[in-house]
Amino acid sequence: MQPIRTLTAHCSLSHETGQPQLSIDNGYAKAEISLFGAHVLRYQRHGEPATLWLSDKAVLDGSKPIRGGIPLCWPWFGPAPARVGSGKPAHGFARTSLWTLDGVSDHEDGTLVHLSLTDSDASRALWPHAFELELDVLVGKELSLVLTTRNTGKAPIVYNAALHSYLQISSPEAISVTGLGEPYLDKLSGQDAQQQGALTLSAAMDRIYRQADTIVRIKDAERTTQVVSGNHDSVVVWNPWQEGASAMADMSDDGYRTMLCVETAITADAGVTIAPDEEHSFSTVLI
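Scoring rules and cut-offs
Residues numbered from 1 in each chain as written. Predicted model: local features only at pLDDT ≥ 70, side-chain atom pairs only at ≥ 80, totals over all residues. Heavy atoms only, no water. Helix = DSSP H or I, 4+ residues; strand = E, 2+ residues; numbered from the N terminus. Rg over C-alpha atoms; globule rule 2.2 N^0.38 Å. Buried < 20%, exposed > 50% of the residue type's maximum accessible area, 1.4 Å probe, protein only. Contact = heavy atoms within 4.5 Å. Lys, Arg positive; Asp, Glu negative; His and termini not counted. Charge placed at Lys NZ, Arg CZ, Asp CG, Glu CD. Pairing = 2+ DSSP bridges. Axes fitted to C-alpha atoms, helices over the stretch in contact; angles between N-to-C directions. Phe/Tyr/Trp six-rings, centres within 6.5 Å; stacked < 30°, edge-to-face > 60°. 1 Å grid on protein atoms, 1.4 Å probe; cavity = no way out; pocket = protein on both sides within 12 Å on 5 of 7 lines; lining within 4 Å. Points joined across faces, edges and corners; volume = space filled by probe spheres on them. Nonpolar A, V, L, I, M, F, W, Y, C, P; charged D, E, K, R; others polar.

Can you walk me through the overall build of the protein chain in this structure?
Counting its regular elements, the protein chain contains two helices and 23 strands. For the protein chain, whose C-alpha radius of gyration is 18 Å, the value lies close to the compact-globule estimate of 19 Å for 287 residues. Principal axes of the C-alpha set define a box for the protein chain whose edges measure 45 × 45 × 35 Å. Buried residues in the protein chain amount to 51% of all 287 residues. A separation threshold of at least 6 residues defines the contact pool for the protein chain, and within that pool the share at least 24 residues apart is 60%. Across the protein chain, the mean location of the 21 positive side-chain charges is 3 Å away from that of the 34 negative side-chain charges.

Here it is, written out as structure tokens:
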């Protein structure tokens, strides 16, 4: 077991899970980030309940994707689209790749972590493109993630993605979500539908909202969490409910009662096209 290394006054690096993991504790909050998947596992402001939900059965050793926190779905979201081909892993490969830690620095507004991933033989076998992917995470009074895709090849690339935030909630009955807009695709039925008023939770849900506001508010009893999205085309809301949770080995049967995914995403079939030597960024901020 490698020893814990102190990187800054507020950040240390350990390998307790078998994967390199950052622990941050500054004047605003505590957070943990695994370099496996550039995965923010935990974020909790001092004196407040945890913002992010992490499954008590999450596998952290790198043998499978991590259930909870903020997985990075890239360069596709959900099943691989036709342009990528069949037989590829759901949600792409960024969340199951080991990222490089490029730097950590402490600032007045928090601790900034910079991580990167570049194409490799393994990635090109799944997606034959040259790229540089960068994630900037700011752990402060807010949690900010900016994911930047840079095309380092000679032909345009097309990608979809999601910053797949699992939010900790007190109970489904306490939840009311506003700012989603009206039209959405119900992925469970495959039908388009219209949101009427605030969203509440009473059953399994998997929806893509294409006209959501920049700020989506999740009211949980007396607590309100804001998800602020940038340079995206949709917001995804997901809860597997009891049947879905029971079917997952890495989620407790009642895990659905304490989580709700509200995800900044790029889900349009056309995706985002990036020309050679160009880049595209999108972001989420949890307030």
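Moving on from the coordinates now.
Help me understand the sheet that holds strand E10 (residues 143-151) in this model?
Strand-to-strand pairing in sheets goes through backbone hydrogen bonds, with the strands running parallel or antiparallel. The eight strands are arranged E7-E8-E9-E10-E23-E19-E18-E14 in an open sheet whose pairing can be described as antiparallel. The open sheet has two edge strands, strand E7 (100-107) and strand E14 (175-178), and neither has a second partner. Taken pair by pair, the neighbouring strands of this sheet meet at an average axis angle of 15°, ignoring direction. By the bridge criterion, seven bridges tie E7 to strand E8 (residues 110-118) in an arrangement that is antiparallel. Within E8, the residue paired with Asp106 across the bridge is Thr111.

What is the right way to look at the sheet that holds strand E5 (residues 39-45) in this model?
Here we have five strands laid out as an open sheet, ordered E1-E2-E3-E4-E5, and antiparallel in their pairing. The open sheet has two edge strands, strand E1 (5-8) and E5, and neither has a second partner. On average, each strand axis in the sheet is inclined to that of its neighbour by 20°, with strand direction left out of account. Sheet analysis places strand E3 (residues 21-25) next to strand E4 (residues 29-34), joined by five bridges and oriented antiparallel. Along E4, the bridge assignment pairs Asp25 with Lys30.

Would you take a moment to explain the packing of aromatic side chains for this structure?
Note on aromatic pairs: each is described by the distance of the centres and the angle between the planes. Here the structure, examined in full by the defined rule, presents 12 aromatic pairs. Where Trp53 meets Tyr166, the ring centres are 5.6 Å apart and the plane angle is 20°; that geometry is what we call stacked. Here Trp53 is found in the loop between E5 and strand E6 (72-73), whereas its partner Tyr166 is found in strand E13 (residues 166-168), with 113 residues between them in sequence. Considered together, Trp53 and Tyr166 belong to a single accessibility category, that of buried residues. Relative to Phe131, the ring of Phe93 has its centre 6.1 Å away and its plane inclined at 45°; by these criteria the two rings are tilted.

Looking at this structure, I do not really get the layout of surface pockets. What am I missing?
Where empty space is left becomes clear once a probe the size of a water molecule has been rolled over the atoms. Each pocket or cavity is described by its volume, and for the largest pocket that value is around 360 Å³. A class-by-class count of the residues in the lining of the largest pocket yields nine nonpolar, four polar and seven charged. Put simply, the second largest pocket is a space of about 270 Å³. What lines the second largest pocket is a set of 15 residues, among which Phe77, Pro79, Ile208, Thr267 and Asp269 lie closest to the centre.

Quick question: what am I supposed to make of unusual backbone geometry here?
Glycine aside, negative phi is the norm for most residues, and most peptide bonds take the trans geometry. The step from Trp74 to Pro75 runs through a cis peptide bond, and the omega angle for that step is 5°. With respect to the helices, strands and loops of the structure, Pro75 is situated in the loop between E6 and E7. The backbone phi angle of His91 is positive, close to 65°, even though this residue is not glycine. Among the structural elements, His91 can be located in the loop between E6 and E7. A relative accessible area of 15% places His91 in the buried class. Its identity is not glycine, yet Asn231 carries a phi of approximately 60°, on the positive side.

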